There are 4 protein chains.
Amino acid sequence: MSSVNKVILVGHLGKDPELRYLEGNISVASFPLATSETFNRDGKRVEQTEWHTVVMWRGLADVAAKYLTKGRLVYIEGRLRTRSYEDREGIRRFATEIVAESFNLLGRRSDFENNANSPVASDKKAQAQAQEQQVDFTENNDEDDGLPF
Amino acid sequence: MSSVNKVILVGHLGKDPELRYLEGNISVASFPLATSETFNRDGKRVEQTEWHTVVMWRGLADVAAKYLTKGRLVYIEGRLRTRSYEDREGIRRFATEIVAESFNLLGRRSDFENNANSPVASDKKAQAQAQEQQVDFTENNDEDDGLPF
Amino acid sequence: MSSVNKVILVGHLGKDPELRYLEGNISVASFPLATSETFNRDGKRVEQTEWHTVVMWRGLADVAAKYLTKGRLVYIEGRLRTRSYEDREGIRRFATEIVAESFNLLGRRSDFENNANSPVASDKKAQAQAQEQQVDFTENNDEDDGLPF
Amino acid sequence: MSSVNKVILVGHLGKDPELRYLEGNISVASFPLATSETFNRDGKRVEQTEWHTVVMWRGLADVAAKYLTKGRLVYIEGRLRTRSYEDREGIRRFATEIVAESFNLLGRRSDFENNANSPVASDKKAQAQAQEQQVDFTENNDEDDGLPF
DNA sequence: TTTT
DNA sequence: TTTT
């Protein structure tokens, strides 16, 4: 195999995640994420924003729909995937997305606790690096042997 | 700012890099890179290949054109950038590329030393993590104080 | 070469950075950084904190001393380095440190603007991914051609 | 939580992995990994090697013991962990290790197929990014729905 | 269009 | 103790 496809982003959500359900009741969440960098143009600082389409699947999508909201700062780890599709005029187009494998909420609690779909009691759990695996893991933790690794 | 946009790829070049020159004699190299992953579908191992467009600028482009060839395994670090452009029919399209900031040749020398544009004498230099910065750095290393950091 | 040594941390500073000067007036900053993860032990959520020693050199050290303070959340990219030294009893010891190559302040402005050594006017500059290279770069930007890459 | 602790290494094994078993029959593999970088000192290219202690647990340890051998080039992703222990003279010491979460074999098959504990039939499986999760996953893949994500 |  |  010999291959690695990894993306690491820290940025702000441009919108609340949109949650859909595929056949088999598989959940999919997606949202735009902004990262920005500043550079010099003719001696002036210019900020350039890059917009990424982030997609999450299954348990991770559910957690995202619950805790991620427009404006929040988030750390995302995932991989690149380019989809091919036909638009409404029948033109073949390509869209590159970041398929997230885990995410972490960043910033202080106070930054987001007055939010509409604010996390309450089980917030800690979600913040604890809401990984696809970990989400599964915490749901059936019979196998947990208490070792921190 | 508070933002991170980072891509890490290990994959094989699908073609030799294509080197172009912009106004101001700025060099730009680009090439397709394949990463692949295997997964189960109906009990069978299926391989799925993802193709990435990698772009390099200036000194890094020159080093890439010299040392990277079709088929080579390479580690690439960069950032995502989505360009908007009009295709030949005047349709607005978007293309997401990985703008590389550094690369490392992987695999043994013997894997590629019979290659057409094989690296010779100054190979070490290029292999020594051909970073944009380092390339500049080694060109005017007056400031080098010999400390390993 | 064929080698990569990369560390990515997001965590909180345990103390203000300590700034020292080596011969040749080279600045070195260092500070402890905490990352934490939660795991299940006997059905209870336990948090485990990992402490890292982060070291920065030259321009990056100066920026760190100016903008990083105890408690701040920061994204750090760097590499691992294990130093060998003799402690006060003459015992040979090893210390593994993260030599930072860049950092980003995370969290909102309001989180830290009442801070003692608060950033003021040139804050943007520091927040704009305070990379060793970029710090040098913004100091002599004659070569800047205004292109965002 | 708001925390990330990630290490990415590409380097060569200094020794074959050493496999031990803890109580509960939990397997642990560990080995030294070398990364190296070159820099200028007084106009000469100097290579400096950094040695890392890599530790793997459970299924990942078993896969490592089977496929990783001295000299092999490998991509490793994991996290930093500093252990405290007493050496034989009763002196408290600290050791920082990389607890691997996944690894990928790099380089061509021919580089290692004459090796002593050479992978044979099930090689593909191991090479397919031998992640802790994936290893578990491929062992009980009843839940696999054939979607590539 | 790469590689195993 | 690896590799180029």
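As the structure is a prediction and not an experimental result, all values here were calculated from the model.

Rules of the game
- Residues numbered from 1 in each chain as written.
- Chains lettered and ligands numbered in written order.
- Predicted model: local features only at pLDDT ≥ 70, side-chain atom pairs only at ≥ 80, totals over all residues.
- Heavy atoms only, no water.
- Helix = DSSP H or I, 4+ residues; strand = E, 2+ residues; numbered from the N terminus.
- Buried < 20%, exposed > 50% of the residue type's maximum accessible area, 1.4 Å probe, protein only.
- Contact = heavy atoms within 4.5 Å.
- Areas by Shrake-Rupley, 256 points an atom, 1.4 Å probe, with all protein chains shown as cover.
- pLDDT = per-residue confidence, 0-100.
- Buried area = accessible area lost by both parts, 1.4 Å probe.
- Salt bridge = Lys/Arg side-chain N within 4 Å of Asp/Glu carboxyl O.
- Polar contact = N/O pair within 3.5 Å; in protein donor to acceptor, adjacent residues only side chain to side chain.
- Nonpolar A, V, L, I, M, F, W, Y, C, P; charged D, E, K, R; others polar.
- Pairing = 2+ DSSP bridges.
- Least-squares fit on C-alpha atoms with pLDDT ≥ 70 in both.

### A closer look at the overall build of chain A
Thought 1: A count of helical and extended segments in chain A gives 3 helices and 6 strands.
Thought 2: The order of α-helices and β-strands along chain A, N terminus first, is β-β-β-β-α-β-β-α-α.
Thought 3: Counting all 149 residues of chain A, 52% fall into the buried class.
Thought 4: Pairs at least 24 apart in sequence give 57% of the contacts found in chain A among residues at least 6 apart.
Thought 5: Roughly 7,300 Å² of accessible area belongs to chain A as shown, and the carbon and sulfur atoms make up 45% of that amount.

### Quick word on the confidence of the model for chain A
All names here are of chain A.
Thought 1: Per-residue pLDDT for chain A averages 79, and the proportion of residues at 70 or more is 71%.
Thought 2: This model gives residues 110-129 a pLDDT under 50, and the stretch forms 33 contacts once residues within four places in sequence are excluded.
Thought 3: A low-confidence stretch, residues 131-149 stays under pLDDT 50, and its non-local contacts, those more than four residues away or across chains, total 42 contacts.

### So, the interface of chain B and chain A
Thought 1: Taken together, the contacts link 29 residues of chain B with 29 residues of chain A.
Thought 2: Between chain B and chain A, a total of about 2,400 Å² is buried, with carbon and sulfur atoms accounting for 48% of that surface.
Thought 3: Summed over the shared surface of chain B and chain A, the number is 2 salt bridges.
Thought 4: A salt bridge links B:Glu37 to A:Arg79, with the nearest nitrogen and oxygen atoms 3.3 Å apart.
Thought 5: At the boundary of chain B with chain A, the tally comes to 12 residue pairs in polar contact (both at pLDDT 80 or more).
Thought 6: Mapped onto the side of chain B that touches chain A, the elements with two or more residues apiece are strand E1 (4-13), strand E3 (26-41), strand E4 (44-57), strand E5 (73-86) and strand E6 (92-105) of chain B.
Thought 7: Looking at the side of chain B that touches chain A element by element, the count peaks at 7 residues for E1(B).
Thought 8: In terms of residue class, the side of chain B that touches chain A is made up of 12 nonpolar, 10 polar and 7 charged.
Thought 9: Bridging between strand E1 (residues 4-13) of chain A and E1(B) involves 7 bridges; their strand directions are antiparallel. Across the sheet, residue A:Leu9 finds its bridge partner in E1(B), namely B:Asn5.

### Overview of the pattern of salt bridges
Residue and element names in this part refer to chain A.
Thought 1: On inspection of all chains with the given rule, the structure shows 28 salt bridges over all chains.
Thought 2: Close ionic contact of Glu101 with Arg79 constitutes a salt bridge, the shortest N to O distance being 2.6 Å. Here Glu101 is found in strand E6 (residues 92-105), whereas its partner Arg79 is found in strand E5 (residues 73-86), with 22 residues between them in sequence.
Thought 3: Its relative accessible area of 27% is what places Glu101 among the partly exposed residues.
Thought 4: Assessed through its relative accessible area of 10%, Arg79 is described here as buried.

### A look at the relation of the copies chain B and chain A
Thought 1: Once turned by 180 degrees and shifted 0.0 Å along the axis, chain B lies on chain A with an RMSD of 0.1 Å. Classification of the inter-copy transformation places it as that of a two-fold axis. Relative to the rotation axis, the closest C-alpha in chain B is found at B:Val7, a distance of 2.3 Å.
Thought 2: Looking at the interface residues of chain B, 100% of them are also at the interface in chain A, so both copies use one shared face.

### Overview of the pairing of strand E5 (residues 73-86) of chain C
Residue and element names in this part refer to chain C.
Thought 1: As paired strands, strand E1 (residues 4-13) and E5 are joined by 6 bridges and run antiparallel to one another. Bridge pairing in E5 places Ile8 opposite Glu77.
Thought 2: Taking the residues that link successive antiparallel strands as the turn, the E5-strand E6 (residues 92-105) hairpin has 5 residues, and the phi of Gly90 there is positive, at about 80 degrees.

### Description of the environment of B:Asp16
Residues and elements named next belong to chain B.
Thought 1: Considering the arrangement of structural elements, one finds Asp16 in the loop between E1 and strand E2 (18-22).
Thought 2: Distance from Asp16 to Gly78, taken between C-alpha atoms, is 19 Å for residues 62 residues apart in sequence.
Thought 3: Not counting chain neighbours up to four residues away, the residues in contact with Asp16 comprise Ser30, Phe31, Thr69 and Lys70.
Thought 4: Polar side-chain contacts of Asp16 include one of 2.7 Å to the backbone nitrogen of Lys70.

### Section: the pairing of strand E3 (residues 26-41) of chain A
All names here are of chain A.
Thought 1: Along E3, 12 of the 16 residues are buried, which leaves the element largely enclosed by surrounding structure.
Thought 2: Bridge count between E1 and E3: 2 bridges; the pairing is antiparallel. For His12, the partnering residue across the bridge sits in E3 and is Ala34.
Thought 3: As consecutive antiparallel partners, strand E2 (residues 18-22) and E3 are separated by 3 residues, and within that stretch Gly24 has a phi angle of approximately 85 degrees, a positive value.
Thought 4: In terms of strand pairing, E3 meets strand E4 (residues 44-57) through 14 bridges, oriented antiparallel. Paired with Thr38 across the strands is Glu47, a residue of E4.
Thought 5: Between E3 and E4, which pair antiparallel in sequence order, lie 2 residues; one of them, Asp42, sits at a positive phi of approximately 55 degrees.

### Structural notes on the environment of B:Arg83
Residue and element names in this part refer to chain B.
Thought 1: Following the sequence through the fold, Arg83 ends up in strand E5.
Thought 2: The partly exposed category is assigned to Arg83, whose relative accessible area is 31%.
Thought 3: For the pair Arg83 and Phe94, spaced 11 residues apart in the sequence, the C-alpha separation amounts to 5.6 Å.
Thought 4: In this structure, Arg83 is in contact with Arg93, Phe94, Ala95 and Glu97, ignoring residues within four places of it in sequence.
Thought 5: In terms of polar contacts, Arg83 uses its side chain to reach the side chain of Glu97, at 2.9 Å.

### Considerations on the side chain of C:His52
Thought 1: By the secondary structure assignment, C:His52 is in strand E4 (residues 44-57).
Thought 2: Relative accessible area serves as the criterion here: at 4%, C:His52 is assigned to the buried category.
Thought 3: Separated by 2.9 Å, the side chains of C:His52 and C:Thr35 make a polar contact.
Thought 4: Sequence-distant contacts of C:His52, that is, excluding residues within four places in its chain, are made with C:Leu9, C:Phe31, C:Pro32, C:Leu33, C:Thr35, C:Ile98, D:Asn5 and D:Leu80.

### Comments concerning the side chain of A:Glu50
Thought 1: Within the secondary structure, A:Glu50 sits in strand E4.
Thought 2: At 2.6 Å, the side chain of A:Glu50 and the backbone nitrogen of B:Thr82 are in polar contact.
Thought 3: Leave out the neighbours within four places in its chain, and A:Glu50 touches A:Leu33, A:Ala34, A:Thr35, B:Asn5, B:Leu80, B:Arg81 and B:Thr82.

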